[in-house]
Amino acid sequence: ARMTRLAQVAVAASSSQRVILAALAPLSAMQWVWENLFFRGQAFQVAHFEAPLPGKEQVADDLTLALGRCEAELGACLWHETNAAALKFLEAQRPSYSGLKVLELGAGAGVCGLALGVDGADAMITDLDSLVPLMELNVIRNGFCRSAPSSAS
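Residues numbered from 1 in each chain as written. Predicted model: local features only at pLDDT ≥ 70, side-chain atom pairs only at ≥ 80, totals over all residues. Heavy atoms only, no water.

### Re the overall build of the protein
Move 1: Counting secondary structure elements, the protein contains four helices and seven strands.
Move 2: Helices (α) and strands (β) of the protein occur, in sequence order from the N terminus, as β-β-β-β-β-α-α-β-α-β-α.
Move 3: Within the protein, the proportion of its 153 residues that are buried is 37%.
Move 4: Contacts in the protein between residues at least 24 apart in sequence constitute 52% of all its contacts with a sequence separation of at least 6. (Helix = DSSP H or I, 4+ residues; strand = E, 2+ residues; numbered from the N terminus. Buried < 20%, exposed > 50% of the residue type's maximum accessible area, 1.4 Å probe, protein only. Contact = heavy atoms within 4.5 Å.)

### Some remarks on the pattern of salt bridges
Move 1: Under the definition given, this model contains five salt bridges.
Move 2: We note a salt bridge from D129 to R69, for which the minimum N-O separation is 3.3 Å. In this pair, D129 sits in the loop between β7 (122-125) and α4 (132-141) while R69 sits in the loop between α1 (61-64) and α2 (80-93), placing the two residues 60 residues apart along the sequence.
Move 3: For D129, a relative accessible area of 55% puts it in the exposed group.
Move 4: You can call R69 partly exposed: its relative accessible area is 30%. (Salt bridge = Lys/Arg side-chain N within 4 Å of Asp/Glu carboxyl O.)

### Quick notes on the packing of aromatic side chains
Move 1: This model, assessed by the stated rule, comprises two aromatic pairs.
Move 2: Measuring from ring centre to ring centre gives 4.8 Å for W32 and F49, while their planes differ by 40°; the resulting arrangement is tilted. One end of the pair, W32, is in strand β3 (residues 31-39); the other, F49, is in strand β4 (residues 42-50), and 17 residues separate them in sequence. Each member of the pair, W32 as well as F49, is classed as buried.
Move 3: Pairing F39 with Y97 gives two aromatic rings, centres 6.4 Å apart and planes at 50°, and the pair type is tilted. Linking F39 in strand β3 with Y97 in the loop between α2 and β6 (101-104), this pair joins segments that are 58 residues apart in sequence. Side by side, F39 and Y97 carry an identical accessibility label, which is buried.
Move 4: One Lys or Arg, R94, reaches over the ring of Y97 and ends 5.7 Å from the middle of that ring.
Move 5: The ring of W34 carries R141 above its face, with NZ or CZ at 3.8 Å from the centroid. (Phe/Tyr/Trp six-rings, centres within 6.5 Å; stacked < 30°, edge-to-face > 60°. Lys NZ or Arg CZ within 6 Å of the ring centre and 35° of its normal.)

Functional significance is not addressed by these values, which are geometric in nature.
Structure below.
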């Protein structure tokens, strides 16, 4: 896993003004981990970059070699509450996405597109070029592609 400084930002609101406090935490080991997610009871996994938490399965070092250029992108981080809300919203919209063509713009790790793919949609996930290795890894991990990632550099 790669090392980086983790900037922690806290926002405090008062009655007359908003105060933003930023502090640089000591060297924190950000790491690539697998997140177990579910959509309509079907499991899938996404790799993402986050601060260490107990019980998280780390992505094997040989799989993280192509992910170095992803680490500076916000899309490499999994926004847990946002993704949970988006998946809940998508589940409520229709009984199935099977057979639909779906395009996810700004996919980051590809959570929504992968969830819809697991549900039977023909999903295409897109984001900045620097996040392509992460999306490829997640697509392969979930069995949507059998070949090795093409963005190794």
